[in-house]
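# Structural overview for review
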Amino acid sequence: QVQLVESGGGLVQAGGSLRLSCAASRRSFTNYIMGWFRQAPGTEREVVAGISRTGVSKYYADSVKGRFAISRDNAKNTVYLQMNSLKPEDTAVYYCAADRDRLVGPQMASGMDYWGKGTLVTVSS
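Residues numbered from 1 in each chain as written. Predicted model: local features only at pLDDT ≥ 70, side-chain atom pairs only at ≥ 80, totals over all residues. Heavy atoms only, no water.

## Here's the deal with the sheet that holds strand β3 (residues 18-24)
In any sheet, the strands associate via hydrogen bonds between backbone groups, in a parallel or an antiparallel arrangement. In space, the four strands of this open sheet follow the order β1-β3-β8-β7, with antiparallel pairing throughout. Of all strands in the sheet, those bounded by a partner on one side alone are β1 (4-7) and β7 (68-73). Pairwise comparison of adjacent strand axes, ignoring direction, gives a mean angle of 15 degrees for this sheet. (Pairing = 2+ DSSP bridges. Helix = DSSP H or I, 4+ residues; strand = E, 2+ residues; numbered from the N terminus. Axes fitted to C-alpha atoms, helices over the stretch in contact; angles between N-to-C directions.)

Pasting the structure below:
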């Protein structure tokens, strides 16, 4: 079992930045790929970004490429999402997720093993 706890959400003006963090409970953190997902009201949850076990491979949804950056610190069992140039359409609940077997990429959308409870990001215009 992996417990994931997100933090760093909040209210920010358009054009601003936020950094989300996700702390994982297990020492075997390096066995898992990590991903960030988001869900806006009335929409389906979507993949935002993913990162491989070593941090070498990364995936980004087209909507966030060039603005968001995912990273991980395996010594701290933590994954981050740096969000820059935020837009009102980035408003959503952001979830951290972990999976032992998947590869990083759009296929992450089909499901992950473990999920955090989410943190709300609100971008005002």
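Now that the structure is up, let's keep going.
## Focus: unusual backbone geometry
For N77, which is not glycine, the phi torsion reads 55 degrees and is therefore positive. Here N77 lies in the loop between β7 and β8 (78-83). Residue N77 is classed as buried on the basis of its relative accessible area of 14%. Of note, the phi angle at S85 is positive, near 50 degrees, even though the residue is not glycine. (Buried < 20%, exposed > 50% of the residue type's maximum accessible area, 1.4 Å probe, protein only.)

## A word on the nonpolar core
Core analysis: the largest hydrophobic core is formed by 30 residues, its most contacted members being L4, M34, W36, V79, L81, M83 and Y94. Taken together, the elements giving at least two residues each to this core come down to β3, β4 (33-39), β5 (46-51), β7, β8, β9 (92-99) and β11 (119-124). Setting aside anything within four residues of it in sequence, one finds L81 in contact with L18, R19, L20, W36, V48, A49, F68, A69, I70 and Y94. (Core = buried A, V, L, I, M, F, W, Y, C linked by side-chain atoms within 4.5 Å. Contact = heavy atoms within 4.5 Å.)

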